[in-house]
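Survey of secondary and tertiary structure
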Amino acid sequence: MRRLLVGYALSLVGGIGLGLALARSQTLRDSIGTIVTGLQALPSICWLPMALLWFGLSETAILFVVIAGSLLAITVATEAGVRNVPPLYTRAARTMGARGATLYLRVILPAALPAILSGMRLGWTFAWRSLMAGELLFVSGGLGQLLATGRELGDMSRVMAVMVAIVTLGLITEVLFFQRVEARVRDLWGTDRS
Amino acid sequence: MIALDNVSKHFTSKRGTHHVLSDVSLTIDEGQFVCLLGPSGCGKSTLLNLIAGLDTPDQGTLAIDGKPIAGPGPDRSVMFQDSALFPWLSVRRNVDFGLELAGFRDKDERASRVETFLKKVQLWRFRDAYVHELSGGMKQRVALARALAPDPRVLLMDEPFAALDAQTRDVLHVELTEIWRATRKTVVFVTHNVREAVRLGDRVVLMATRPGRVKLDEPIALARPRTNEGDVAHYVGRIMKELRTEVEKVMREEIDDAWQPAPGAVPGSSSSGVGGGI
């Protein structure tokens, strides 16, 4: 669980940062835009062999796989969100005297929030999947390892229990966090009633 | 005082170069209410963007009190046709945000200014509402409060009432006139509506199209508050006549060179369609 949270947090920071940078710079889009899109098609578990080579049999390797899974989903959503911010908001903010970081933090990011939120949601599920796949393949504790042990011992009740636990955890974050935040955003934007 | 000297601007698109403004010179005095009037594509909004500092001219200079305009600044507030209020902030926070960006640091002072200006536009009751809960007219009122609250020297308005229904617009005309009389800000008001221009302005600048230039610069020497009857109609008729040739020019370019106005299709008198409904 700690791996998941740390990895996801790092992905959030990196993904939103990278997304902003991509939305801002045409040069960056031309140079690494294609790579980002291409890498997104790569299931993150494919990074595991590389990660094991680079970081050895360590926490860092798992963390890397988790980040590889969720970072790009957040990046792509942020970039799309920022580029779809109505230019009028930016113009209005500029006439009021907003520049640089203020413009980004106080106007562009809030305006892109609905899109970024859906990216965060996607990133979260990707992070989960990567973590499970990583733990299944590479013994290092956690729910994934419990699943692997269950398979080796032929203990199906254990396997089922772990699956139920994963679903429950997923539901809890979904209901407690994402649905609440999204409902609040829809409420502010007025997109609930049409 | 805003001084524009030989300002030119062109845009390049896939269909070629488009001269939007050509050698426009204009002086706007402190406290004056100037209406920029013209058919679509005459560059009146471009001119406003230049004064706002959102855009830079190809040639010529723009200056406020002798200082060249280098970019947007809180001495010039802008109101757009769309309110451009931020949906993630409440009415009160929207106005407050404008003040904060303009450099008002003291929270108490900001709060009292927000209250003053929301009361001025009669929306204090809706201070905690969010943007989607407001009607079009209410949004423009909030936008007006947001524009006025930082006490700018100049208020730039880009067809702010064009998307409103006639009754709401009428009420806002009266209120804007009142606010202007009380604050004596310099106002540059862009519109394509002749009656709106005559009713609100001290001075109406009619722009010709392709390329945009000043065609007529007419002071409106009428007492306020003005209604739509009487002398306003007299000015409207005169300006309409000038506008007519420009509208025809636009139609020919947009539709066909051979386009001829059907009798009565292009407004020539104050009793016809364009500018109606105020």
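Here's a quick rundown of the structure. (Residues numbered from 1 in each chain as written. Chains lettered and ligands numbered in written order. Predicted model: local features only at pLDDT ≥ 70, side-chain atom pairs only at ≥ 80, totals over all residues. Heavy atoms only, no water.)

The next point concerns the packing of helix H1 (residues 2-24) of chain A against helix H2 (residues 26-40) of chain A. Residue and element names in this part refer to chain A. Running from N to C, H1 and H2 point in directions that differ by 125°, and their axes come no closer than 7 Å. Relative to H2, the element H1 is oriented oblique. Side by side, H1 and H2 meet where Leu-18, Ala-21, Leu-22, Ala-23 and Arg-24 of the first sit next to Gln-26, Leu-28, Arg-29, Ile-32 and Val-36 of the second. (Axes fitted to C-alpha atoms, helices over the stretch in contact; angles between N-to-C directions. Helix = DSSP H or I, 4+ residues; strand = E, 2+ residues; numbered from the N terminus. Parallel < 35°, antiparallel > 145°, perpendicular 65-115°, else oblique. Contact = heavy atoms within 4.5 Å.)

Moving on: the sheet that holds strand E9 (residues 203-208) of chain B. Residue and element names in this part refer to chain B. Spatial ordering of the open sheet is given by E6-E7-E8-E3-E9-E10, a layout of six strands whose pairing is mixed. With one partner strand each, in any of the chains shown, strand E6 (76-79) and strand E10 (213-219) form the two edges of the open sheet. Each strand axis lies, on average, 20° off the axis of its neighbour in the sheet, ignoring direction. Note: strand E3 (residues 33-37) against strand E8 (residues 186-191), five bridges, orientation parallel. Following the sheet pairing, Phe-33 is matched in E8 by Val-187. (Pairing = 2+ DSSP bridges.)

Moving on, we come to the interface of chain A and chain B. Listed by partner, the interface residues are 21 residues for chain A and 24 residues for chain B. Counting each side, the surface lost to burial between chain A and chain B is near 2,100 Å², with a carbon and sulfur contribution of 68%. It is Thr95(A), Met96(A) and Arg106(A) in chain A that bury the most area against chain B; as a group they hold 33% of the surface buried on that side. If you look at where chain A meets chain B, you find one salt bridge. Between Arg106(A) and Glu100(B) there is a salt bridge; the shortest N-O distance is 3.0 Å. Along the contact surface separating chain A from chain B lie one residue pair in polar contact (both at pLDDT 80 or more). Counting only elements with at least two residues in the side of chain A that touches chain B, the list comes to helix H5 (87-95), helix H6 (100-137) and helix H8 (156-189) of chain A. Looking at the side of chain A that touches chain B element by element, the count peaks at seven residues for H5(A). Residues belonging to the side of chain A that touches chain B are distributed by class as follows: 11 nonpolar, four polar and six charged. (Buried area = accessible area lost by both parts, 1.4 Å probe. Salt bridge = Lys/Arg side-chain N within 4 Å of Asp/Glu carboxyl O. Polar contact = N/O pair within 3.5 Å; in protein donor to acceptor, adjacent residues only side chain to side chain. Nonpolar A, V, L, I, M, F, W, Y, C, P; charged D, E, K, R; others polar.)

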